[in-house]
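# Structure at a glance
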Amino acid sequence: MVDAILHHCRPFLPPPAETSVKPARARIRPASFRCWSKCRREYTSVMIVPTGVGAAIGGFAGDALPVARALSSVVDCLITHPNVLNAAMMYWPMPNVLYVEGYALDRFAEGLWALEPVHQNKVGLVLDCGIEEELRIRHLQVADAARASLGLPVVEYIVTDTALEVEKWVDPMSGQSTGRIRHPDSLLRAVQTLINRSQVNAVAVVGRFPDDDVDDVDDYRQGVGIDVLAGVEAIISHLVVKEFQIPCAHAPAMLPLPLTPMLSPKSAAEETGYTFLPCVLVGLSKAPQYKVNSHSLRKDCLYASDVDSVVLPMDSCGGDAALAFSRSKGKKPLIIVVEENETVLDSTPDKFGMEVIVNLHYMLSKAVVKSRPTVLWCYKDKLELSSHKKKRAKQIKKYMQRGLLDPEKVDPFQLFVETGGLTYCLYKDSERILGNTFGMCILQDFEALTPNLLARTIETVEGGGIIVLLLRSLSSLTSLYTMVMDSEGLSEAERDLKNLKEELHDEFPVGPLVKKCCTLDQTLRSTVALLAARGRGKSAALGLAVAGAVAAGYSNIFVTAPSPENLRTLFEFICKGFDALDYKEHMDYDVVKSVSAEFKKSVVRINIYKQHRQTIQYIQPHEYAKLSQVELLIIDEAAAIPLPVVKCLLGPYLVFLSSTVNGLPPPDDCVLYYVNRDTLFSYHKDSEEFLQRMMALYVSSHYKNSPNDLQLMADAPAHHLFVLLGPVDESKNQLPDILCVIQVCLEGHISRRSVMKSLSEGHQPHGDQIPWKFSEQFRDTTFPSLSGARIYGYGSAAVNLLTRYYEGELTGISELDAEDDLVETPQVRVTEAAEKSAVTGEHTCMILKPLKNGAVEVDKSDEWGFFGPFYQDFRLRFLRLLSSSFRSMECSLAMRVLDPKINFTNMEANQKKSVPDGFWKSLTEDLSPYDMERLRAYTDSLVDFHLILDIVPVLARLYFRGKLPVTLSPVQASVLLCIGLQQQNFTHVEEQLKLERTLILSNFMKAMKKIHHHLHGVASDEIQSTLPRLKETQLEPLTISVDDELDEAAKQVKAKMKNKVAEEKVDGEEKDLGILQQYAIEGRDADFEEALRDGGINLTSGAVVSLKSTAKVEKKHGKGDKDQSGKKRGKEDGHKGSKSSKKRRS
């Protein structure tokens, strides 16, 4: 077994010569020569396992290494990347395996870089300064061990001057891991220092990664999750390789995870030590060098053309390397996909055209477009032959059994399976191919085609390409007609283009770019707004113009379109323009593709650095805030971008705008004509030109018009066509100019029963748009029974003439006659939807105009007649929606829709009389008397406008509903609408009206004064009656004087005292003594003598001595007296009468 393995490995060292062995001087050969002799064998294979995508094999810690070992044993040279070979502390030496970083592998597959095998590299080590001291020492010890034990040339290490701050996450859209480093410049400075100081030619990077939460990595440790570290690791190595073109690999630095017994063997390699560095150092020590400059390539290098096969997971075929190998123009390697190695991606080969059909490929090869053009295959819902290998084999077997497929064609079909350039697209997703260019278009399911789909798909085919219709039977051809094509010589436009190319041949940079133009429409000349029909090469012209702008020195160029997929042709012709200007890709410029799954690897940026730093950057239309530094803006497919967004994109910089529109000549003297549709669609040369002019007007006025409308114009029985033509000069044999096109659809005359049934079921049948929409909006069952005409088109002269036509005035009339004779009938606007159009960003509105007839009873008192109630309801709803759905509508447009009466000059004298009684009471729910007081204070300039902003909406609604007959100027009414109805701030009003803020505030003040004056004049009494008032106190004189009142009071007091004494007097004198006894002072004489003796020395005349009385006085204070008297007795007992409160004069 060992012998067999050694035999299949084929050691790189050449076999010894068959001469006798003799001592000789050692011969030193260059390392590249020795490695070339080992790696240059008959069979070279590439093994790819994308990193961070959860691959079943290769998505963990070196679990693809056994597969690489097995593959290397049967091939002469195996090229793979670190994700396959790295296993943390583990590695396996394989001398015929080349360790190539992922970014370098992509460039190698594209044929831009070559691989130069080496004997040994000088490896430098970059450590993140964010790594803790202990972790840093452990990584340095690993480097020392690699030098001492393995002899690896790790020459120097460096610590970054700033922490890299690595961030990692899982992309929620694709499910693969990704991330970023906040300070990439710190990493690049460190690598540059190593290169300058130690001349290293390979770099190992160790970045400090955030420590994982155990729960976040639990699935990965059990062998079923995503490696959250892998995505950002690839970003770090890509950054270094792209900048310095030397081998690089990354090892994360993290603290060890807690020990777990439930560990998958596929993840176990990362649990064996503190670092992931050993495998990286081993791989970099012998990694091949990358040769970028074509002049420095040597014979001993490996090229993409040397690759014989590519092995990768089946659902990971969307990478740059896989696509490059599958689309190789030279020797195409065999692409082997492994179905069992599942990932989170869904990039199967059929989505990238890695399998094609032999017959179609043969047709393409014979086409004059180019040697291997791209193919667009469109179908309804299911491919005739699956792009999946196994499914296709089953289908072929069934077709052979049914006799529908020749067995001899099977082998050639399998032979061309590897050919790339095939793009599949469902009919329902065909909008995403707008702006692209293909060499061939295959349309399957012919019966499912519509005019829209047919026009949308065939316009993507370049000149000289092939359009193939797949038909199930010949009956499908009944709707097709043969058409004669004039091929004699050059047309006038072709001659003009040829002359222009010759004229600008020597002009740089215009001359080389004009050579790339295929039509005269693509030569922009002095035009900035590029207007042309579909498929005329507008995107190609813009691409050439951008290339010229780069050559002219423009630095910041931005391009925008609804999607970057619409810019594929534009970027393609930018690159073609660069080729014509001798710009070399990867030397003078780089093309950057999107990594977003939504954009599907579309080109989003081109970096140019030939003269100086220049950028062509894609932005989404709504990102117009990023245009502060733009010098040139390219807007492609402008008509598919909402109109308000296009307005925001325009600015004080050069703008190239591309759109499918045409201009209109000014009307002079016009006549309305009815178009005979049989003649219009008769395929006559003049009829075709007339039809083309009609459609051009439709497209220019309303971008939603599509080829499907052409089918309605031709076949719909209820549709009729009218055109407004300019003067016809019969002396000239030419068609007149079309000023206006009106398409009329007769609608209505619906039974009342059908209307009620539809309203009750909530179902709106197809057709009869105006009657059904009207009944839906107003829940009315009468209107749909009327007959009417729905028109597409506009123009006052055309509409007036059309009105007279349907009113029975069939005589020939001129525009002037119509203006004189036509009775003015007001137009009624009826909203259809409050939501904006996704195409134009505008709202939809139906405008109704009644014809003069007696079919409907009309109230003559109402100027709107039959439509009066509906129109008032519309205005009321529109007023309410101005603060929400129509808040961003321009105030000028809102004013035109409302059409308020703002001039009441003739009514001013009778304003107060015209107001009905109780007017103020009807407003009390919205306005209070205090609101009126605040309004008065503002009009008197006592308070700021902020105090009344809450009542301005109420006043605005009253005014625009006609409840306040106040004369306002147009500016004042516009300000009131913006502030009151749309509830915008004054800054917004400045932008809308283009006026100074002071002028706007002045007009707002004037409007408020007029409204307050009117309200105060008509309802001042009612307002005052509702305010609260204080109760008044009335004062009356007294009936007697003050002296008499005092005498009377004195008498009453005296009488009261006498009565009290009389009541207490009992038995004469004894009672009197009892009464006086309560005021007696009791005490012993000994107490007086003792007090006088103690203080007699200092007594003077008139002195007073205090002695406490022993008399007991009855308390009459009620509650609490008992306790207080008890305390007092206790105090007296304690002092034993040693003190006296009695007073005696000495």
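The structure displayed is predicted, hence computed values, not measured ones.

In terms of regular secondary structure, the chain is built from 39 helices and 32 strands. Taking all 1146 residues of the chain together, 43% fall into the buried category. In the chain, once contacts between residues fewer than 6 apart in sequence are set aside, the share between residues at least 24 apart is 72%.

The next point concerns the sheet that holds strand 16 (residues 438–443). Here 4 strands make up an open sheet; going across it, the order is 15-14-16-17 and the pairing parallel. The open sheet terminates on both sides in strands that have one partner only, identified here as strand 15 (422–426) and strand 17 (461–469). In this sheet, neighbouring strand axes are inclined to one another by 20° on average, regardless of whether the strands run parallel or antiparallel. Relative to strand 15, strand 14 (residues 375–379) runs parallel, the two being bridged by 5 bridges. Bridge assignment links Y379 to a residue of strand 15, and that residue is L426. Its contacts with the sheet put helix 15 (residues 451–458) on strand 14, strand 16 and strand 17, and the angle it makes with strand 16 is roughly 155°.

Overall, the coordinates contain 22 salt bridges when judged by the stated rule. The shortest N-O distance in the salt bridge between D320 and R107 comes to 3.6 Å. On the criterion of sequence distance, the pair formed by D320 in helix 11 (residues 320–326) and R107 in helix 5 (residues 102–109) is long-range, its members being 213 residues apart. By relative accessible area, which is 25% here, D320 ends up partly exposed. Of the charged contacts in the structure, one is a salt bridge between D211 and R208, with a shortest N-O distance of 3.1 Å. In this structure R208 comes out as buried when scored by relative accessible area, which is 12%. If you follow the salt bridges from partner to partner, you end up with E165, E167, R180 and R182 in one network.

Our next topic: unusual backbone geometry. At H586, a position not held by glycine, the phi torsion is positive, near 70°. In this fold, H586 is placed in the loop between helix 19 (568–580) and strand 20 (589–593). Even without a glycine there, the phi angle at E637 is positive, about 55°. Mapped onto the secondary structure, E637 falls in the loop between strand 23 (632–635) and helix 20 (643–649). In this structure E637 comes out as buried when scored by relative accessible area, which is 18%.

I79, V126, L187 and L277 are the most contacted members of the largest nonpolar core, which totals 91 residues. Not counting residues within four places of it along the chain, the set of residues in contact with L277 comprises L125, H139, V142, A204, V206 and A251. Core analysis: the second largest hydrophobic core is formed by 48 residues, F874, F986, F1004 and I1011 among them.

It is worth spelling out the environment of P784 at this point. Within the secondary structure, P784 is located in the loop between helix 25 (769–778) and strand 28 (787–792). C-alpha of P784 to C-alpha of G748: the two residues are 36 residues apart in sequence and 5.4 Å apart in space. Contacts of P784, omitting those with residues within four sequence positions, involve G748, H749, I750, V755, P771 and S775.

Let's shift gears to a negative patch on the surface. A contiguous patch of negative charge, built from D1043, D1044, D1047 and E1048, is present on the exposed surface. By relative accessible area, D1044 is classed as partly exposed at 44%.

This brings us to the environment of L443. Secondary-structure assignment places L443 in strand 16. When the C-alpha atoms of L443 and Y379 are compared, they prove to be 6.3 Å apart, with 64 residues separating the residues in sequence. For L443, the contacting residues outside a window of four places in its chain are C378, Y427, L449, L454, T457, I458, V468, L469 and L470.

Spatial ordering of the open sheet is given by 3-2-1-12-13, a layout of 5 strands whose pairing is parallel. Where the open sheet ends on each side, the last strands, each with one partner, are strand 3 (97–99) and strand 13 (334–338). On average, adjacent strands in this sheet sit at an angle of 20° to one another, irrespective of strand direction. Summarising the sheet, strand 2 (residues 77–80) and strand 3 pair through 3 bridges and their orientation is parallel. In the strand pairing of strand 3, I79 is matched with L98.

Further remarks concern the state of the cysteines. A full pass over the atoms with the stated rule returns 0 disulfides. Note on C441: no disulfide assigned, nearest cysteine sulfur contributed by C378 at a separation of 4.9 Å. Judged by its relative accessible area of 0%, C441 is buried.

The next point concerns the packing of helix 33 (residues 970–981) against helix 34 (residues 986–993). Remark: helix 33 packs on helix 34, axes separated minimally by 10 Å, with the N-to-C direction vectors making an angle of 135°. Between helix 33 and helix 34, the angle falls in the class oblique. With respect to the hand of their crossing, helix 33 and helix 34 are arranged in right-handed fashion. Within the contact between the two elements, helix 33 uses S974, V975, C978 and I979 and helix 34 uses F986, V989 and L993. When grouped by side-chain class, the residues that make up the contact of helix 33 with helix 34 number 6 nonpolar, 1 polar and no charged.

Next up on the list: the packing of helix 24 (residues 752–761) against helix 25. Working note: a packed helix pair is described by the angle between its axes plus the distance between those axes. Two elements in contact, helix 24 and helix 25, have axes whose closest approach is 11 Å; the angle formed by their N-to-C orientations is 55°. Between helix 24 and helix 25, the crossing angle belongs to the class labelled oblique. In the crossing of helix 24 with helix 25, the sense of the turn from one axis to the other is right-handed. Judged by residue contacts, S754, V755, S758 and L759 of helix 24 engage W772, S775 and E776 from helix 25. Residue classes in the contact of helix 24 with helix 25 are distributed as 3 nonpolar, 3 polar and 1 charged.

With that settled, the discussion passes to the packing of aromatic side chains. In the structure shown here, the tally under the stated rule is 13 aromatic pairs. Judged by centre distance (5.1 Å) and plane angle (20°), the ring pair of F578 and Y583 falls under stacked. Overall, the relative accessible area of 4% leaves Y583 in the buried class. Between the aromatic rings of Y674 and F722, the centroid separation amounts to 5.2 Å while the plane-to-plane angle is 75°, which identifies the pairing as edge-to-face. Of this pair, Y674 sits in strand 25 (residues 671–675) while F722 sits in strand 26 (residues 719–725), and the two are 48 residues apart along the sequence.

Of all the positions in helix 31 (residues 929–939), only P929, D931, M932, L935, A937, Y938 and T939 are classed as buried. Immediately beyond the C-terminal end of helix 31, within one or two residues, lies S941, with a positive phi of roughly 60°.

Per the UniProt annotation, the sites labelled "binding site: ATP" (unreviewed entry) are G535, R536, G537, K538, S539, A540, A541, L542, G543 and L544. For L542, the location among the structural elements is in helix 18 (residues 538–551). Following the sequence through the fold, L544 ends up in helix 18. If sequence neighbours within four positions are ignored, L544 has contacts with L513, K516, C517, F573 and G577.

We now examine a positive patch on the surface. Where like charges cluster on the molecular surface, the positive patch consists of R877, R880, R957, R961 and K963. Mapping R957 onto the fold places it in helix 32 (residues 952–960). A residue is classified by how much of its surface remains accessible, and R957, at 35% relative accessible area, is partly exposed.

With that settled, consider a nonpolar patch on the surface. A cluster of nonpolar side chains, contributed by L454, I458, I467, L469 and L471, occupies part of the molecular surface with about 340 Å² of accessible area. Looking at the element boundaries, I458 is found in helix 15.

What counts, and where the lines are drawn
- Residues numbered from 1 in each chain as written.
- Predicted model: local features only at pLDDT ≥ 70, side-chain atom pairs only at ≥ 80, totals over all residues.
- Heavy atoms only, no water.
- Helix = DSSP H or I, 4+ residues; strand = E, 2+ residues; numbered from the N terminus.
- Buried < 20%, exposed > 50% of the residue type's maximum accessible area, 1.4 Å probe, protein only.
- Contact = heavy atoms within 4.5 Å.
- Pairing = 2+ DSSP bridges.
- Axes fitted to C-alpha atoms, helices over the stretch in contact; angles between N-to-C directions.
- Salt bridge = Lys/Arg side-chain N within 4 Å of Asp/Glu carboxyl O.
- Core = buried A, V, L, I, M, F, W, Y, C linked by side-chain atoms within 4.5 Å.
- Patch = residues over 30% accessible without salt bridge, like charges linked within 9 Å, V, L, I, M, F, W, Y side chains within 5 Å.
- Areas by Shrake-Rupley, 256 points an atom, 1.4 Å probe, with all protein chains shown as cover.
- Lys, Arg positive; Asp, Glu negative; His and termini not counted.
- Charge placed at Lys NZ, Arg CZ, Asp CG, Glu CD.
- Disulfide = S-S within 2.5 Å.
- Parallel < 35°, antiparallel > 145°, perpendicular 65-115°, else oblique.
- Left-handed = near helix turned anticlockwise from the far one by under 90°.
- Nonpolar A, V, L, I, M, F, W, Y, C, P; charged D, E, K, R; others polar.
- Phe/Tyr/Trp six-rings, centres within 6.5 Å; stacked < 30°, edge-to-face > 60°.
- UniProt positions renumbered as here; feature names shortened; annotations may be inferred.

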